[in-house]
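Each chain is listed here by its residues.
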Amino acid sequence: MKVTFLGTGTSQGIPIIACDCSVCQSGDWRDKRLRTSVMIETEGKTLVVDTGPDFREQMLRANVKKLDAVLFTHEHRDHIGGLDDIRAFNFIHQQPMDMYGEERVLKALQEMYPYIFAEKKYPGIPELNFSVIKTSPFSIDNIEIIPIRAYHYKLPVLGFRIHDRYWDSAFMILPILPMPTASLKRRNTRLRVAVTWLSMDCARKNTFRTLRLMKR
Ligand SMILES: [Zn+2]
Ligand SMILES: [Zn+2]
């Protein structure tokens, strides 16, 4: 399993437009961060989590020639704002892009991209094959994906545990925590045993309730 962090910035990216703070003015490459997205290559498939406004740049920068599916954590603009550029892969692969997200994400896509869902479609627009998911595990060929409930302040969002059966490794990406205790308990054993790598939000240095899980 190969994991590429395509973006690790905040919703505005770093640097932030017109910000004069020392981070945004820094010349250090580590202070240049695109909007959050991760690419997972495993079992001959390439998956991307979220298609934010930097999606096009991220695909070009990582020289991605093949994309099999997109998983969505939630529907905020910084996670879906680059979806239109998925059509480059529609052209290359000559098929709709498989996408997985909650009902709310689908509704947000329908509102943000009405032309994609129009009855009479303009030629060349993105083509999606959207599957509505909840928190039940599902598979993309040999890749097992377990959606994990997390909360982005009060918004229920999804993290994903992605299990590579061949290499027996698992990667879990979690957006902003805390994960509800019930959800944690229910899946506790499985997570402890199976997760090889864990990626989660820790945007602040100071104590913050979203970091509660890190202390455990
Ligand atoms: Zn700044
Ligand atoms: Zn968000």
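You'll find the structure just up there.
Residues numbered from 1 in each chain as written. Chains lettered and ligands numbered in written order. Predicted model: local features only at pLDDT ≥ 70, side-chain atom pairs only at ≥ 80, totals over all residues.

Trainee: Just checking my understanding: could you explain the environment of Arg104 for this structure?
Mentor: On the secondary structure map, Arg104 appears in helix 4 (residues 103-112). Take Arg104: there are 15 C-beta atoms within 10 Å of it, and that puts it in the partly exposed class. Taking the C-alpha atoms as reference, Arg104 lies 9.8 Å from Val157; in sequence the two are 53 residues apart. (Helix = DSSP H or I, 4+ residues; strand = E, 2+ residues; numbered from the N terminus. Buried ≥ 20, exposed ≤ 12 C-beta atoms within 10 Å, placed from the backbone.)

Trainee: Would you take a moment to explain the nonpolar core for this structure?
Mentor: Across soluble globular proteins, nonpolar side chains show a tendency to be buried alongside one another. Within the largest apolar cluster, 33 residues are counted, with the highest numbers of intra-cluster contacts made by Val70, Leu71, Phe72, Met97, Met99 and Phe160. Looking at this core element by element, the count peaks at 5 residues for strand 8 (residues 143-152). Among all residues touching Val70, those that are not within four sequence positions of it are Val48, Thr51, Met97 and Met99. (Core = buried A, V, L, I, M, F, W, Y, C linked by C-beta atoms within 7 Å. Contact = placed C-beta atoms within 7 Å.)

Trainee: Which parts of the structure should I look at to understand the sheet that holds strand 2 (residues 37-42)?
Mentor: Strand pairs in the sheet, formed through backbone hydrogen bonds, run parallel or antiparallel to each other. The sheet built from 6 strands is open, its strands ordered 1-2-3-4-5-6 with mixed pairing. Sheet topology places strand 1 (2-7) and strand 6 (128-132) at the edges, where each strand pairs with a single neighbour. Sheet twist, expressed as the average angle between the axes of neighbouring strands with direction ignored, equals 20°. Where strand 5 (residues 97-101) lies against strand 6, 5 bridges are found, and the strand directions are parallel. Bridge assignment links Gly101 to a residue of strand 6, and that residue is Val132. (Pairing = 2+ DSSP bridges. Axes fitted to C-alpha atoms, helices over the stretch in contact; angles between N-to-C directions.)

Just geometry here; none of it tells us what the structure is for.
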